[in-house]
Every structure is written in structure tokens, then in C-alpha cells.
Amino acid sequence: MTIKLGIIMDPIESIKTYKDSSFAMLLAAQKKGWDIVYMQQPDLFLSNGKVHATTRALRVEDSSNDWFELADEETLALSTLDVILMRKDPPFDMEYIYTTYLLEQVEAEGTLVVNRPSSLRDANEKLFATHFPQCCTETLVSRNPVQLRKFIGAQKDVILKPLDGMGGESIFRVTPGDANLSVIIETITCHGKKTVMAQNFIPEISQGDKRILMINGEAVPYSLARIPAQGETRGNLAAGGQGIGMELTEREHWICRQLGPTLKDMGLIFVGIDVIGDYLTEINVTSPTCIRELDKTFNLDIGMQLMDCIEQLLA
């Protein structure tokens, strides 16, 4: 029987196919002969106790022009789908949380949701890393300016970042003598109203902020090291970083083994972890990227690996 897959994502007409991981997943699902339906977050609704969506059947082509074809709209009960990929990019706001509530109802009716809706809510991409302190550098999570100043004074060189950011947004590198330290703390914490993360600066960022992809608790054995642009401390590709493929080190394999069982238990089937030097810095669960870059560099098909995993889980 043909598997029916639904995907919730941002507008498909706006993606960059050469680097879009959701697109890689769609190509793999189509290659398997699965039926694919496309929807966006506002298309979901609940009526008479069942979650539905306005969907459109989707065909894709690996091209930079005319890469998708959508059929006419059709309203479906989402429980009629075998699997749903939740690939909506942040912001992780209340609308995102409401969507996870709806998807949780669909999951209860037997549809596999990747990743598990409750775990999308629970696993904040910054804070979740602190569940594995043996893998992390010195870290403080606080909105108290006195505590933040004390931490910066002790560590000397610190990265400050919001808990809800992505793509390197609003990340500051600070030192105790920074003339702008007070205003940076005021700005990033919204005058003590917003909790932030402070981490000891890891000099190995110059060798790359490494993205490692994990499928059902197992690591893809290569990373994409995102090297910061000159004058930058952020390796994010969105901040101008350059991606270079590398084999995983023994330390990185060890970190993945530390995380793997927990990710699997939580239904976090497709995850991207970030490692700088010897340290885990983030665990990305909402819409991890870098499939296409790793596929191209190492002649992989990570999207197909994920679809094979989903097929086994459905079986």
C-alpha cells in the first residue's frame, strides 16, 4: 500500500532548492512512490473533534526553476495520512505551540508525526543541550543582570544568546571590560524580562560550528563545519559562514552516543546538533538543515535514509 505523507512547511515557492532540507525529504519520498500532500500552518483546523487541513497534492523536481507542482485544494482529515513532517521554521511562538497541540491529536489517532509534537514543545533548542552537561562547556541560563555579569567576570570571554533565536540572530560575544556590556545585557534580556543563555566562548569556532545530523538516535558520520566569515564569531550559514564537510571525530561520535537514546525515546527522529570544538552547543529539533550540503559533498542521500527510517517505524 502506498504511504501517504503530509508536510507542513513554509511557502514552497520561496525555498532555495539547492540548500533546503525539506525539499531533499520530498524528493526522497517521491522517489519511493509515496503520495505527498502539502500544507502550511494556517491550513490546519479542528472541527467536530478531528483535525483537518486544506491540502494540495504535491509533485517536486530537482531543479532551480519550476521545482514544484500543486494540484487543486482538498480538505483532508490528517488522521488519514500515514506520516506528517512538521517542518515549519521558527519563530517558535504560540501559534507554533497551538499547531503541536493539533498534531498531538492526530498522533493519538495513529499518524506518525516527525518530530513528536510534545517533544517539539519540550526540547527548546538552546536549553535542551543542558540536559547533557557532560557534553557542554560552562553555561548559565538567567535573566538576572547581576548573575550574568558575575558569570562573564569569571569566564572572561562569553557568548550571550536568546533562547528563541535562529540563524545566529542577536548573538553577542562579550568580555568583562566591554564598554557596551551594560547595554548589551539590557538589550538581550529586555531589561531583565527575558531569559538568555551565556556560554564560555569556545576558540575552536574558528575551525567551524559543526552541524551533525541524527536519524532516530544515530549520527550521519559526517558534519558540515560552518566556518565564520572574517571578523565574525558566528558560523551560521545565514550569517555568512562557509560550509565545509568533515568526518566526525571520536569526540563527536561520543557526544552523539550520549544523546542518541534520549532523542529516540522522545520521538525526535530527525535532529541537527551543533558542536564547537569538544562541546555540544545546541540541539535543533524544529527544522534542522544541511542535508543538501552533506549529500553533495559526500555523495549521500540523507533524505532517503530518513524515509527508510520512517518506513521501518510505520511497519
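Attention in this report is confined to the structure presented alongside it. Nothing here was measured: the structure is a model prediction, and the numbers come from that model.

### What to know about helix H2 (residues 94-108)
Consideration 1: Along its 15 residues, H2 runs 21 Å from first to last C-alpha, staying within 8% of the 21 Å computed at 1.5 Å per residue.
Consideration 2: All of the buried residues in H2 are Tyr 96, Ile 97, Thr 99, Thr 100, Leu 102, Leu 103 and Val 106.
Consideration 3: Check the buried side of H2 and you find it contacts strand S1 (4-8), strand S3 (44-47), strand S4 (50-60), strand S6 (83-86), strand S7 (112-114) and helix H3 (117-122).
Consideration 4: Measuring from the side-chain oxygen of the N-cap residue of H2 to the backbone nitrogen of Glu 95 gives 3.3 Å; that N-cap residue is Asp 93.
Consideration 5: Count one or two residues on from H2 and you reach Gly 110, which has phi positive near 110°.

### Quick notes on the environment of Asp 35
Consideration 1: Topologically, Asp 35 is positioned in strand S2 (residues 35-39).
Consideration 2: Take Asp 35: its relative accessible area is 41%, and that puts it in the partly exposed class.
Consideration 3: Along the backbone, Asp 35 and Leu 5 are 30 residues apart, and their C-alpha atoms lie at a distance of 6.0 Å.
Consideration 4: In this structure Asp 35 touches Thr 2, Ile 3, Lys 4 and Leu 5, once residues within four positions along its chain are discounted.

### Re the pattern of salt bridges
Consideration 1: Under the criterion given, the structure shown has 16 salt bridges.
Consideration 2: Here the salt bridges share partners, and the residues they tie into one network are Asp 209, Arg 211, Arg 226 and Asp 274.

### A closer look at the packing of aromatic side chains
Consideration 1: Under the definition given, this model contains 4 aromatic pairs.
Consideration 2: Note on Phe 92 and Tyr 96: the rings are 4.8 Å apart at their centroids and 40° apart in plane angle, and the pair reads as tilted.
Consideration 3: Each ring, one from Tyr 222 and one from Phe 298, has its centre 4.0 Å from the other, and the planes form 20°; the classification is stacked. Taken together, the residues span a long stretch of sequence, with Tyr 222 in strand S13 (residues 218-227) and Phe 298 in helix H7 (residues 291-298) at a distance of 76 residues.
Consideration 4: Residue Phe 298 is classed as partly exposed on the basis of its relative accessible area of 23%.

### Details of the packing of helix H4 (residues 145-155) against helix H5 (residues 181-188)
Consideration 1: At a minimum axis distance of 11 Å, the contact between H4 and H5 shows a crossing angle of 130°. When the interaxial angle is binned, H4 and H5 end up oblique. The handedness of the crossing between H4 and H5 comes out as right-handed. Counted together, Pro 145, Leu 148, Arg 149 and Ile 152 of H4 and Leu 181, Ser 182 and Ile 185 of H5 form the full contact between these two elements.

### Concerning the pairing of strand S11 (residues 196-200)
Consideration 1: For S11, the buried fraction is high: 5 of the 5 residues fall into the buried class.
Consideration 2: Residues Val 196, Ala 198 and Asn 200 of S11 are buried on one face, and the alternating residues Met 197 and Gln 199, pointing to the opposite face, are buried as well.
Consideration 3: Note that strand S8 (residues 139-142) and S11 share 4 bridges and pair antiparallel. Counted as the bridge partner of Val 141 is Met 197 from S11.
Consideration 4: The pairing of strand S9 (residues 158-162) with S11 spans 5 bridges and is classified as antiparallel. Bridged to Leu 160 within S11 is Ala 198.

### Overview of the sheet that holds S9
Consideration 1: Taken in spatial order, the 4 strands line up as S8-S11-S9-S10 in an open sheet, and their pairing is antiparallel. Each edge of the open sheet carries a strand with a single partner, namely S8 and strand S10 (172-174). Looking at each pair of strands side by side, their axes are set apart by 25° on average, direction ignored.
Consideration 2: Its contacts with the sheet put H5 on S9, S10 and S11, and the angle it makes with S9 is roughly 30°.

### What about H4?
Consideration 1: Buried within H4 we find Leu 148, Phe 151 and Ile 152. Looking straight down H4, one finds that the buried residues subtend no more than 100° of arc, so they occupy a single side. Facing away from the buried side of H4 by more than 90 degrees, the exposed set consists of Val 146, Lys 150 and Ala 154.
Consideration 2: On the buried face of H4, the contacting elements are S8, S9, S10, H5 and S11.
Consideration 3: Downstream of H4 by a residue or two, Lys 156 has a phi angle that is positive, lying close to 75°.

Conventions used here
Residues numbered from 1 in each chain as written. Predicted model: local features only at pLDDT ≥ 70, side-chain atom pairs only at ≥ 80, totals over all residues. Heavy atoms only, no water. Helix = DSSP H or I, 4+ residues; strand = E, 2+ residues; numbered from the N terminus. Expected span 1.5 Å × (residues − 1). Buried < 20%, exposed > 50% of the residue type's maximum accessible area, 1.4 Å probe, protein only. Contact = heavy atoms within 4.5 Å. Polar contact = N/O pair within 3.5 Å; in protein donor to acceptor, adjacent residues only side chain to side chain. Salt bridge = Lys/Arg side-chain N within 4 Å of Asp/Glu carboxyl O. Phe/Tyr/Trp six-rings, centres within 6.5 Å; stacked < 30°, edge-to-face > 60°. Axes fitted to C-alpha atoms, helices over the stretch in contact; angles between N-to-C directions. Parallel < 35°, antiparallel > 145°, perpendicular 65-115°, else oblique. Left-handed = near helix turned anticlockwise from the far one by under 90°. Pairing = 2+ DSSP bridges. Arc of directions from axis to C-beta.

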